[in-house]
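# Per-entry structural report
Chain residues, written in single-letter form:
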Amino acid sequence: MRERWFGSTGRKVPQIAVEGELDTEGALVLDELDENTLRAAFDEGRPVVVRAGSPEAVLEALKRPEVSSVLVPEEKRDLLDIDLIRMTYGTYSIAACDLEAGRWGVATQSKFLAVGSVVTWAEPHVGAIATQAYANPRYGPEGLTLLREGLSAQEVVDRLTAADDGREHRQLGIVDAEGRAASFTGSECHDWAGGRTGDGYAAQGNILVSGETVESLAETFERTAGRPLAERLLDCLDAAQEAGGDSRGQQSAALLVVQKDSGYASLSDVLVGLRVDDHPRPLEELRRIYGLHQAIFGQTPRDEWVPVDEELGAELGERLARLGYEGELPDALFRWAGNENLEERVAGAEAIDPVVLDELRRQT
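First things first, this report covers the structure right here in the doc.

### Observations regarding the overall build of the protein
When its secondary structure is counted, the protein shows twelve helices and 18 strands. Dimensions along the principal axes, computed over C-alpha positions, put the protein at roughly 85 × 50 × 35 Å. For the protein, the accessible surface area stands at approximately 17,700 Å², while carbon and sulfur atoms represent 46% of it. Of the side-chain charges in the protein, 37 are positive and 66 negative, and the distance between the mean point of each set is 3 Å.

### A word on the pattern of salt bridges
In total, this model carries 27 salt bridges according to the counting rule given. Where Arg-148 meets Glu-123, a salt bridge forms, and the shortest distance between an N and an O atom there is 2.6 Å. Of the two residues, Arg-148 sits in helix H5 (residues 139-148) while Glu-123 sits in strand E9 (residues 120-123), which places them 25 residues apart along the sequence. With a shortest N-O distance of 3.3 Å, Glu-222 and Arg-196 are connected by a salt bridge. Here the residue Glu-222 occupies a position in helix H7 (residues 212-223), and Arg-196 occupies one in strand E13 (residues 194-198), the gap between them amounting to 26 residues. Glu-222 sits in the partly exposed class, given a relative accessible area of 43%. With relative accessibility at 22%, the residue Arg-196 sits in the partly exposed group. Connected through shared salt-bridge partners, Arg-227, Glu-231, Asp-235, Asp-238 and Arg-287 make up one network.

### Examining the pairing of strand E15 (residues 252-258)
With respect to burial, E15 is a largely interior element, seven of its seven residues being buried. Going residue by residue along E15, you find Ser-252, Ala-254, Leu-256 and Val-258 tucked away on one face and Ala-253, Leu-255 and Val-257 tucked away on the opposite face as well. Pairing of strand E8 (residues 103-110) with E15, which is carried by seven bridges, proceeds in the antiparallel orientation. Paired with Trp-104 across the bridge in E15 is Val-258. Of the strand pairs in this sheet, E15 and strand E16 (residues 270-276) are connected by six bridges, and their pairing is antiparallel. Paired with Val-258 across the bridge in E16 is Val-270.

### What to know about the pairing of strand E11 (residues 170-176)
A regular strand carries its side chains on alternate faces of the sheet. The buried count for E11 comes to seven of seven residues, which makes it a mostly enclosed element. Residues Arg-170, Leu-172, Ile-174 and Asp-176 line one face of E11 and the alternating positions Gln-171, Gly-173 and Val-175 line the opposite face, and both faces are buried. Pairing analysis gives seven bridges linking strand E10 (residues 127-133) to E11, with the strands arranged antiparallel. Bridge pairing in E11 links Gly-127 to Asp-176. The loop that links E11 with its antiparallel partner strand E12 (residues 181-185) comprises four residues; one of these, Gly-179, has a positive phi angle of about 85 degrees.

### With respect to the packing of aromatic side chains
Under the criterion given, the structure shown has two aromatic pairs. Between Tyr-201 and Phe-221, the aromatic rings sit 5.4 Å apart at their centres with planes inclined by 55 degrees, giving tilted as the arrangement. Placement of Tyr-201 in strand E14 (residues 201-205) and of Phe-221 in helix H7 is noted, with a sequence separation of 20 residues between them. This pair shows no difference in class: Tyr-201 is buried, exactly as Phe-221 is. With 6.1 Å between their ring centres and 90 degrees between their planes, Tyr-264 and Phe-297 make a pair best called edge-to-face. Placement of the pair is Tyr-264 in the loop between E15 and E16 and Phe-297 in helix H9 (residues 282-297), with a sequence separation of 33 residues. Of the residues examined, Phe-297 reaches a relative accessible area of 39% and is grouped as partly exposed.

### Details of unusual backbone geometry
In this chain, Asp-191 is followed by Trp-192 through a cis amide linkage whose omega measures -10 degrees. One can find Trp-192 in the loop between E12 and E13. Although it is not a glycine, Ala-114 sits at a positive phi angle of roughly 55 degrees.

### Quick look at the state of the cysteines
In this structure the tally under the stated criterion is zero disulfides. The structure places no disulfide on Cys-236, whose sulfur is separated from the nearest cysteine sulfur, that of Cys-97, by 13 Å.

### Points about the sheet that holds strand E3 (residues 16-18)
Read from one edge to the other, the open sheet built from four strands follows the order E3-E6-E5-E4, with strand pairing classed as parallel. The open sheet is flanked by E3 and strand E4 (28-30), the only strands paired with a single partner. Strand-to-strand, the axes of this sheet are offset by a mean angle of 30 degrees, without reference to chain direction. Sheet topology note: the strand E5 (residues 48-51)/strand E6 (residues 67-72) ladder contains four bridges and is parallel. The residue bridging Val-48 from the neighbouring strand is Val-67, located in E6. Its contacts with the sheet put helix H1 (residues 35-44) on E4, E5 and E6, and the angle it makes with E4 is roughly 160 degrees.

What counts and how
Residues numbered from 1 in each chain as written. Predicted model: local features only at pLDDT ≥ 70, side-chain atom pairs only at ≥ 80, totals over all residues. Heavy atoms only, no water. Helix = DSSP H or I, 4+ residues; strand = E, 2+ residues; numbered from the N terminus. Areas by Shrake-Rupley, 256 points an atom, 1.4 Å probe, with all protein chains shown as cover. Lys, Arg positive; Asp, Glu negative; His and termini not counted. Charge placed at Lys NZ, Arg CZ, Asp CG, Glu CD. Salt bridge = Lys/Arg side-chain N within 4 Å of Asp/Glu carboxyl O. Buried < 20%, exposed > 50% of the residue type's maximum accessible area, 1.4 Å probe, protein only. Pairing = 2+ DSSP bridges. Phe/Tyr/Trp six-rings, centres within 6.5 Å; stacked < 30°, edge-to-face > 60°. Disulfide = S-S within 2.5 Å. Axes fitted to C-alpha atoms, helices over the stretch in contact; angles between N-to-C directions. Contact = heavy atoms within 4.5 Å.

Written as structure tokens, this is what we have:
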């Protein structure tokens, strides 16, 4: 049984105990979590103990660093033996690349808070890494370092797992600079757990309803060749969820795609970096904010921009004036676009990006 500090007393106690078997003198004992009460007790150094009667309630209480121990009723003594790893870590992901476009990326979904903060790692012309299950986050930066040194995806998997005593609880997917892929699933990962690799992708998952989730990741990626990598990865997540997904449900999702100098103002390599950290339908929310991202940061080919003739120029000037942006059209348009985070889609006033035009018309 793991232990936690009992407030600032210098004493350690079991993180789960049967009510009546733990000395709680001096502790604040709660029947439910309350943000203000928890913070006040923590600031005072006072131990906090929470009563819980279900696996979900135990896990929810133990997520809080202020909680020293969770008390369960005598009749639910079996909660002392719940598998917190199984309850906490379960994810599906795909690490992939588009060599022709020079893009690498990772997409993931899990019943886990802020999964994107742990799983997704990528660097242009180096590779992409997904580290999950009872994840070792160091696999991300250390794996990218090894890929940068020229090791293949499989060699990096072998090197990382060989040096990790907790390897049997880990899951890892890697695609390298040449599109070679490797996936690893430790023997202690909970069913369903496994992975599949192919040309330019490594798909994997654990605590899934079935292996169909990983199969759907792989098949969708193969079927969508030729489309932008970010869209393919979003489609992969949707297909995986439709096939069953994480057996515990949904909570968070993330999408990371990198390309050299493709980010904001060409000063970043992150083409798309989006996270939904806590949401009842994270994939729908991820798709929604991807749409916003594309509206703001996407690029419309210049040959599709609308020429600004005298009539359209007059319309633009009138609409901008209604919004409080007067003066010479190029300046007014740029000031308004900057306020709407659309400045990357504006280049003078001889032609206008249809996305910018649609947004200006929508606002007026």
